[in-house]
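Each chain is listed here by its residues.
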Amino acid sequence: MKSFYAALIIGALLCPSVASAAGDNTTRRERNFIVDGNKLYRQERYADAEVAYRKALEIDAMNEIAQFNLAAALLRQGTATGENEKQASQILGKLATDAEDMSIAERAYYNLGNISFNGQDYAKSIEMYKNALRRNPDNDKARENLRLAQKRLEEQQNQDQNQDQNKDQNQDQNKDQNQDQNKDQNKDQNQDQNKDQNQDQNQDQQQQQQQPQDQQQQPQQRQSGISKENAEKILKAMENEENATRQRVNAERNKSGAPSRRQVTNPW
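Bear in mind the structure is a predicted one, so any value in this text is a computation, not a measurement.

S.K.: Explain the packing of aromatic side chains residue by residue, including any values.
M.R.: For the structure on display, the rule yields three aromatic pairs. Here Tyr 41 and Tyr 46 contribute two aromatic rings whose centre-to-centre distance is 5.1 Å and whose plane-to-plane angle is 70 degrees, an arrangement assigned as edge-to-face. Across the pair, Tyr 46 and Tyr 41 agree in class, each one buried. Relative to Tyr 122, the ring of Phe 117 lies with its centre 5.3 Å away and its plane at 70 degrees, an arrangement referred to as edge-to-face.

Structure (structure tokens):
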């Protein structure tokens, strides 16, 4: 917004009311430095103009025109670090509140509004433009810039609001996604647990089903064993076989002349 600075600075440098008001309080040498500075400024030799204005201030540090023009030269130069703008803002801030000449105070507020506008601090620039208009309601440039600053502030607020809404929406989406992920994880865990439980239950049921089958086989095995009648027949056959064997042994002993065993009589 250098065009703001240009329109304002030239007006201040050439304004007859400002020059005449300061005429009685300045020496010829001061005026010469200011005039030289103005020529250099128009030639866009802003650093040289700064030197000339500072020389005028060495003679009279309270010279309001030299102070204002020095701030203008600093703003025109600009630096990457913003040091020139910082110095200019300090000078203009002091002039806005302390300047005896109302015209200089008006222009100081106007330039402070431009500085804030360029820094996208639209709320502050609106305040500065309003102060300039309070001191000079006919300042059309201040009125025009005020409307523009108000529009920019509204756009800025809408943009910030949209960013906040997008941020909230993103947070809600992330929250929903996290909830869905947690639900899926819990679902998978429940499915795994249910699967394991079902497997364990099936194994238990299979074991329970196998146990009665084993128990049912035991009576079958008992039923397939020797019955009472068969056992008696087997015992009878074994007794008969033993009797036959005994008879054969006795017969062989009789043939060989071996004495047969006698029963012992009962004692008297």
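S.K.: I'd love a proper account of a nonpolar patch on the surface, names of residues and values included.
M.R.: On the surface, a nonpolar cluster with roughly 290 Å² of combined accessible area is contributed by Ile 234, Leu 235 and Met 238. You can see Met 238 is positioned in helix α10 (residues 228-255). A relative accessible area of 43% means that Met 238 is categorised as partly exposed.

S.K.: Mind laying out the nonpolar core, listing which residues take part and the relevant values?
M.R.: Counting 42 residues, the largest nonpolar core has Tyr 53, Leu 92 and Leu 95 as the members making the most contacts within it. Among the elements of the structure, α3 (28-42), α4 (46-59), α5 (64-77), α6 (83-98), α7 (102-118), α8 (122-135) and α9 (140-223) are those that each provide at least two residues to this core. When residues in this core are grouped by element, the largest group, nine residues, is from α5.

S.K.: Describe in detail the packing of α4 against α5, supporting the description with residues and values.
M.R.: Packing of α4 against α5 brings their axes to within 9 Å, and their N-to-C directions diverge by 155 degrees. Of the possible angle classes, the one that applies to α4 and α5 is roughly antiparallel. In this structure, α4 crosses over α5, and the sense of that crossing is left-handed. Here α4 contributes Tyr 46, Ala 47, Glu 50, Tyr 53, Arg 54, Ala 56 and Leu 57 to the contact with α5, which in turn contributes Ala 66, Gln 67, Asn 69, Leu 70, Ala 73, Leu 74, Arg 76 and Gln 77. In terms of residue class, the contact of α4 with α5 is made up of nine nonpolar, three polar and three charged.

S.K.: Account for unusual backbone geometry, naming residues and giving values.
M.R.: Despite not being glycine, Glu 44 shows a phi value in the positive range, around 65 degrees. A positive phi angle, close to 60 degrees, is found at Gln 120, a residue other than glycine. With respect to the secondary-structure elements, Gln 120 resides in the loop between α7 and α8. Judged by its relative accessible area of 51%, Gln 120 falls in the exposed class.

S.K.: Tell me about the confidence of the model for the protein chain, residues and numbers included.
M.R.: Averaged over all residues, the pLDDT of the protein chain equals 77, while 69% of them reach at least 70. Predicted confidence for residues 210-224 stays below pLDDT 50, and this span has zero contacts to residues more than four positions away or in other chains. pLDDT under 50 marks residues 258-268. Its contacts with residues more than four places away, or in other chains, come to one contact.

S.K.: With reference to specific residues and values, describe α3.
M.R.: Working note: α-helix, 3.6 residues per turn, so residues spaced by three or four point in the same direction. Taking 1.5 Å per residue, 15 residues should reach 21 Å; α3 reaches 21 Å between its end C-alpha atoms and fits that length. Looking at α3, one finds that the buried residues are Glu 30, Phe 33, Ile 34, Gly 37, Asn 38, Leu 40 and Tyr 41. The buried residues of α3 occupy an angular sector of 165 degrees when the element is viewed end-on, so they sit on one face. Among the exposed residues of α3, those pointing more than 90 degrees away from its buried face are Arg 28 and Arg 29. Immediately beyond the C-terminal end of α3, within one or two residues, lies Glu 44, with a positive phi of roughly 65 degrees.

S.K.: Explain the packing of α3 against α4 residue by residue, including any values.
M.R.: Contact pair α3 / α4: the axes reach a minimum separation of 8 Å and the direction vectors enclose 165 degrees. Taken together, the axis directions place α3 and α4 in an arrangement best described as roughly antiparallel. The interaxial crossing formed by α3 with α4 has left-handed handedness. Where α3 abuts α4, its residues Arg 29, Glu 30, Phe 33, Ile 34, Asp 36, Gly 37, Asn 38, Leu 40 and Tyr 41 lie against Tyr 46, Asp 48, Ala 49, Ala 52, Tyr 53, Lys 55, Ala 56 and Ile 59.

S.K.: Requested: an account of the pattern of salt bridges, with residues and values cited.
M.R.: All chains considered together, the criterion is met by four salt bridges. The closest approach of N and O atoms between Asp 48 and Arg 45, which form a salt bridge, is 3.1 Å. Judged by its relative accessible area of 35%, Asp 48 falls in the partly exposed class. Notably, a salt bridge pairs Asp 140 with Arg 143, separated by 3.3 Å at the nearest N-O pair. Within this pair, Asp 140 and its partner Arg 143 are both found in helix α9, separated by three residues, close to a single helical turn.

Definitions and cut-offs
Residue indices begin from 1 for each chain and proceed along its sequence in written order. Local features in this predicted model are restricted to residues whose pLDDT is 70 or higher, and side-chain atom pairs enter the listing and the counts only when it is 80 or higher, whereas totals over whole chains, interfaces and linings include all residues. Excluded from the side-chain calculations are hydrogens and water; all other atoms, namely the structure's heavy atoms, are used. The criterion for an aromatic pair is that two Phe, Tyr or Trp rings (for Trp, the six-membered ring) have centres within 6.5 Å, with stacked assigned to planes under 30 degrees apart, edge-to-face to planes over 60 apart and tilted to the rest. Note on classification: 1.4 Å probe, protein chains only; a residue is buried when its accessible area is under 20% of the maximum for its type, exposed when over 50%, partly exposed between these limits. Patch members must show over 30% relative accessible area and no salt bridge, and they are joined within 9 Å when carrying like charges or within 5 Å when they are nonpolar side chains of Val, Leu, Ile, Met, Phe, Trp or Tyr. Each accessible area is a Shrake-Rupley estimate made with a 1.4 Å probe; only the visible protein chains count as cover when residues are assessed. Note on definitions: salt bridges are taken to be side-chain nitrogens of Lys or Arg within 4 Å of carboxyl oxygens of Asp or Glu. Strands here mean DSSP runs of E at least two residues long; helices mean DSSP runs of H or I at least four residues long; both are numbered from the N terminus. Buried Ala, Val, Leu, Ile, Met, Phe, Trp, Tyr and Cys residues that are joined via side-chain atoms within 4.5 Å together make up what is termed a nonpolar core. Helix axes are fitted only over the stretch in contact, all axes being lines through C-alpha atoms; the angle between N-to-C directions runs from 0 to 180 degrees. Every angle not falling under 35 degrees, over 145, or within 65 to 115 is termed oblique; those three ranges are roughly parallel, roughly antiparallel and roughly perpendicular. What makes a crossing left-handed is the near helix being turned counterclockwise from the far one by less than a right angle; a clockwise turn instead makes it right-handed. Contact definition: two residues touch when any of their heavy atoms are within 4.5 Å. Classification convention: Asp, Glu, Lys, Arg as charged; Ala, Val, Leu, Ile, Met, Phe, Trp, Tyr, Cys, Pro as nonpolar; all other residues, Gly among them, as polar. The predictor's confidence in any single residue is recorded as pLDDT, a number from 0 to 100. Residue count minus one, scaled by 1.5 Å, sets the expected span of a helix. In this description, the arc belongs to the directions extending from the helix axis to the C-beta atoms.

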